[in-house]
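Examining the three-dimensional arrangement
The chain contents come next:
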Amino acid sequence: MVSSKLHINHLLMGFLLAMSVSLTTTVFLFYTGERMATQHSPLIDAAMEIKLNATQGHLWFEEILSGDRNENIDKVWNYLDQADWYASAMLEGGTNDKGDFFPLTDPEMRLHIESVRTALHEFDQVALKRYNNRQESHPGSDIDQAFDRIFTDLMGKAEHVEKLLNYSINKDLNNFRKMALLLISLSVGISLVIAYVLYRLEKQRQAHISAIEKANVEIQKTHTELNYLAHFDSLTGLPNRTLFKDRLDQALAHAHRKSAHVVLLFIDLDKFKAVNDRLGHISGDQVLKHTSKRLQRRVREDDSVSRLAGDEFTVILPDIDSTAGAMDAAQKVSSSILQELSDPFTFNGNTVFITASIGIAIYPQDGKSGDELLINADHAMLEAKSTHKGGFLFHSPEINQRVQRQLQIENELRSAIDDDQLIVYYQPQWDVQSNKLTGVEALVRWNHPEEGLLQPNDFIPIAETSGLIEKVDIWVLESACRQYREWRSEGLNPGKLAINISATLFGRQDLIHIVTRNIAEYCILDGELELELTESALLENSEHTQTLLQQLRSRGIHLAIDDFGTGYSSMAYLRQFPAKTLKIDRTFIKEIHSDKAADAIIHNMAELASSMNMEVVAEGIETRQQEKFVRSLGCRFAQGYLLGMPMSSDELRTLMISQTEDNVSLLPPNSR
Ligand code: C2E
Ligand code: MG
Ligand code: MG
């Protein structure tokens, strides 16, 4: 609208300007032409009238005098007076029936007219004289000669005046033509300039308008993008936390009006951090993108999938009639999602196995507001993560309590590491064939200011889910290495030092640097340090594991497979990741003699290890019977309450000293 108005204004202005230039030119030319017509034409007429009347007077005079014309001589005088009137009109101006005569202004022309007038008077007088003496007048007489001469002179002068006038008029006319041509050219030129300026203005206007339109489009685009970013997650395109909250609130408001139920699923990928650490963020992003697509595949159109942050997703199942219906829907969708995620992700030549833990909260029983429902679903998810990893759990008040306690522990653990509340206990490992101390396993404890000594089971799972485990492991590694050096400097020999390494820390690219730094700083020799890893930790990234094992081996660091038998336990992977030691999990040891299958399994494990040149450590030896059994299978090494409880560094020192004093291979203290 605005733009067309501008357009018309420009045109109108240009048109008016061109019109006014043309009009001014036309008016000026018209005025000048008119002036020339009214002033110059009568002058020519007057000059001709002078000649005509003088000639008529001359003719009539001769005819009257010769008697050829029988008229009164006054007619002649009239003609001459007429001629004089015109001469006077040329000088002074005048009006008669032939029009208006304007006086000549050019002084030279005026002198010529004066001389014509003088000649006219002379002729008038010579005519009168000749008429009065007409008896003596005859051809060739003086007066006749004077009469003819004066008339010829008069006609010559009149002729000259006429010529001059013609010349002057022609000159004016030429000037007028030139001026007209100039003015017309000028007005055409000005019109062209105006047209050009208008054209430029129009161009600029259009450029301006298109720039504004472009800017508007940009602003609109930016606005849309900002709006998109404010409500959608840029990686997966799913609604973000803000939009999720909106949708949840809407679903709850609707459910409130209709007395309906809403299910909220809180989905968190298990060990996603490890994927990021091992494969890099680009691969991590790929996993998140694929996950979002898979989640969307398993929900109805009305359900809403969102990404809250990192590896946290939610699904809202709105408008469900009953509690039973809600529980049924929650269960079905959760199973379906877990099933969908169980297929490995394959991209860029990597195969990634992902599981997720899902927490479920249902409106209205698990929370009246969106925030409450979200917290409860989150708590159920955290509980699922620690007790049903890879599964789903419905929210319950007990879960809430537990999770709140876990969150509290997580918070306290953060500062506990810096406040030196963690301590390392050491559990001896024995050579059961020779009854010699062959090593110690470092096991962390938390000296909680209010709750006393906490066992790893109270806080390690929490440290694992919260990511604090890396910090704990590094702290234990350093403390144990320092302690180990201290014992060695006291002349004591605890054998090898075994440190538990979580899957998360094992996934870190810089683990080798962390370990190398410690062995260098505390002068740990080849074969003195052993890292204990669970099977699942080893399996999580085979490529990284291969490299790391190679690097560890080259620095004289041994590897032990911890809790063997509880994980994947395949021959193939044992060959793939050759470890120095295999630690048979105590769940098998516990079943010795009470479960034949356990006996057989232990037997097989021991054989397997020996066929692969691995040392076997039987964990959790609590009875003499168990010890005997493992020994009978050819297991050389064992660890357990029977042989030695996990103990403080001082207690272990005492144990080592007592061993040295006895100077012989002694039975472990518990068996003495
Ligand atoms: P683990 O590495 O398998 O350690 C052996 C666990 O078995 C220890 O429990 C030890 O006290 C317990 N144990 C040893 N002998 C017996 C026995 O005869 N009977 C019974 N019932 N238990 C026995 P603890 O110290 O409670 O540690 C539990 C787990 O926590 C460890 O299992 C290990 O996986 C983890 N852990 C401990 N310290 C650390 C650490 O610094 N870093 C990491 N990542 N994990 C640790
Ligand atoms: Mg261990
Ligand atoms: Mg173990």
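On a predicted model such as this, the values are computed, not experimentally measured, just so you know. (Residues numbered from 1 in each chain as written. Chains lettered and ligands numbered in written order. Predicted model: local features only at pLDDT ≥ 70, side-chain atom pairs only at ≥ 80, totals over all residues. Heavy atoms only, no water.)

1. Brief notes about the coordination of the magnesium ion (ligand 3)
By definition of the ideal shapes, a tetrahedral metal site with four donors has angles of 109.5 degrees and an octahedral site with six donors has angles of 90 or 180 degrees. Donor atoms from the polypeptide that coordinate the magnesium ion (ligand 3) comprise Asp-562 (OD), Asp-563 (OD), Glu-619 (OE) and Glu-619 (OE), at 2.1 to 2.5 Å from the metal. Here the donor residues for the magnesium ion (ligand 3) map to a single chain with the spacing D-D-x55-E. In this model, the magnesium ion (ligand 3) sits 3.9 Å from the magnesium ion (ligand 2), the two metals being bridged by Asp-562. Residue classification places Asp-562 among the buried residues on the basis of a relative accessible area of 7%. (Donors = N, O, S within 2.8 Å, 3.2 Å for Na, K, Ca; no water. Buried < 20%, exposed > 50% of the residue type's maximum accessible area, 1.4 Å probe, protein only.)

2. So, the sheet that holds strand S4 (residues 304–309)
With mixed pairing, five strands are arranged side by side in an open sheet as S4-S5-S3-S8-S9. Edge positions in the sheet fall to S4 and strand S9 (392–394), since each of these pairs with one other strand and no more. For this sheet the average axis-to-axis angle between neighbouring strands, irrespective of direction, equals 20 degrees. Where strand S8 (residues 356–363) lies against S9, three bridges are found, and the strand directions are parallel. Within the sheet, the bridge partner assigned to Ile-360 lies in S9 and is Phe-394. Docked against the sheet, helix H8 (residues 323–342) engages strand S3 (261–269), strand S5 (312–320), S8 and S9, running at close to 25 degrees with respect to S3. (Pairing = 2+ DSSP bridges. Helix = DSSP H or I, 4+ residues; strand = E, 2+ residues; numbered from the N terminus. Axes fitted to C-alpha atoms, helices over the stretch in contact; angles between N-to-C directions. Contact = heavy atoms within 4.5 Å.)

3. Points about the coordination of the magnesium ion (ligand 2)
Within the protein, Glu-441 (OE), Asn-500 (OD1), Glu-532 (OE) and Asp-562 (OD) serve as the donor atoms for the magnesium ion (ligand 2), at 2.0 to 2.3 Å. Mapping the donors of the magnesium ion (ligand 2) onto the primary sequence gives the spacing E-x58-N-x31-E-x29-D. Take Glu-441: its relative accessible area is 3%, and that puts it in the buried class.

4. Some words on the site of ligand 1
Near ligand 1 lie 22 residues; those nearest to it are Asp-473, Asn-500, Asp-562, Glu-622 and Tyr-641. Take Arg-445: an N or O atom from its side chain is 2.9 Å from an oxygen atom of ligand 1. Between a nitrogen atom of ligand 1 and a side-chain N or O atom of Glu-622, the distance comes to 2.5 Å. In isolation ligand 1 offers 780 Å² of accessible surface; the protein chains occlude 87% of this area. Of all the secondary-structure elements, those providing two or more residues to the shell around ligand 1 are strand S11 (436–448), helix H12 (469–489) and strand S15 (558–564). In terms of residue count, the dominant contributor to the shell around ligand 1 is S11 (four residues). For the shell around ligand 1, the class distribution of residues is eight nonpolar, five polar and nine charged. (Near = heavy atom within 4 Å. Polar contact = N/O pair within 3.5 Å; in protein donor to acceptor, adjacent residues only side chain to side chain. Areas by Shrake-Rupley, 256 points an atom, 1.4 Å probe, with all protein chains shown as cover. Nonpolar A, V, L, I, M, F, W, Y, C, P; charged D, E, K, R; others polar.)

5. Concerning unusual backbone geometry
Cis geometry is adopted by the peptide bond preceding Pro-364, which originates at Tyr-363 and carries an omega value of 10 degrees. At His-593, a position not held by glycine, the phi torsion is positive, near 70 degrees. Structurally, the position occupied by His-593 is in the loop between helix H18 (586–590) and helix H19 (596–611). Positive phi values are uncommon outside glycine, yet Asn-613 reaches one of about 60 degrees. Tracing the backbone through its elements, the reader meets Asn-613 in the loop between H19 and strand S17 (615–618). For Asn-613, a relative accessible area of 72% translates into the label exposed.

6. With respect to the domain arrangement of the chain
Each assigned domain of the chain is listed with its residue range as follows: domain 1 (2–231), domain 2 (241–395) and domain 3 (407–649). On the domain 3 side, the residues contacting the nine residues of domain 2 number 13 residues. When the buried area of domain 2 at its contact with domain 3 is split by residue, Lys-271, Asp-277 and Arg-278 rank highest and sum to 58% of it. On the surface where domain 2 and domain 3 come into contact, there are one salt bridge. (Domains from an automatic or database assignment. Buried area = accessible area lost by both parts, 1.4 Å probe. Salt bridge = Lys/Arg side-chain N within 4 Å of Asp/Glu carboxyl O.)

7. Looking at a negative patch on the surface
Together, Glu-301, Asp-302, Asp-319 and Asp-321 line one region of the surface with negative charge. A relative accessible area of 39% places Asp-319 in the partly exposed class. (Patch = residues over 30% accessible without salt bridge, like charges linked within 9 Å, V, L, I, M, F, W, Y side chains within 5 Å. Lys, Arg positive; Asp, Glu negative; His and termini not counted. Charge placed at Lys NZ, Arg CZ, Asp CG, Glu CD.)

8. Section: the environment of Ala-127
Tracing the backbone through its elements, the reader meets Ala-127 in helix H3 (residues 107–132). Owing to a relative accessible area of 1%, Ala-127 belongs among the buried residues under this scheme. Taking the C-alpha atoms as reference points, Ala-127 and Ile-589, separated by 462 residues in sequence, lie 174 Å from one another. Each residue touching Ala-127, except ones within four places of it in the same chain, is listed here: Phe-61, Trp-77 and Phe-147.

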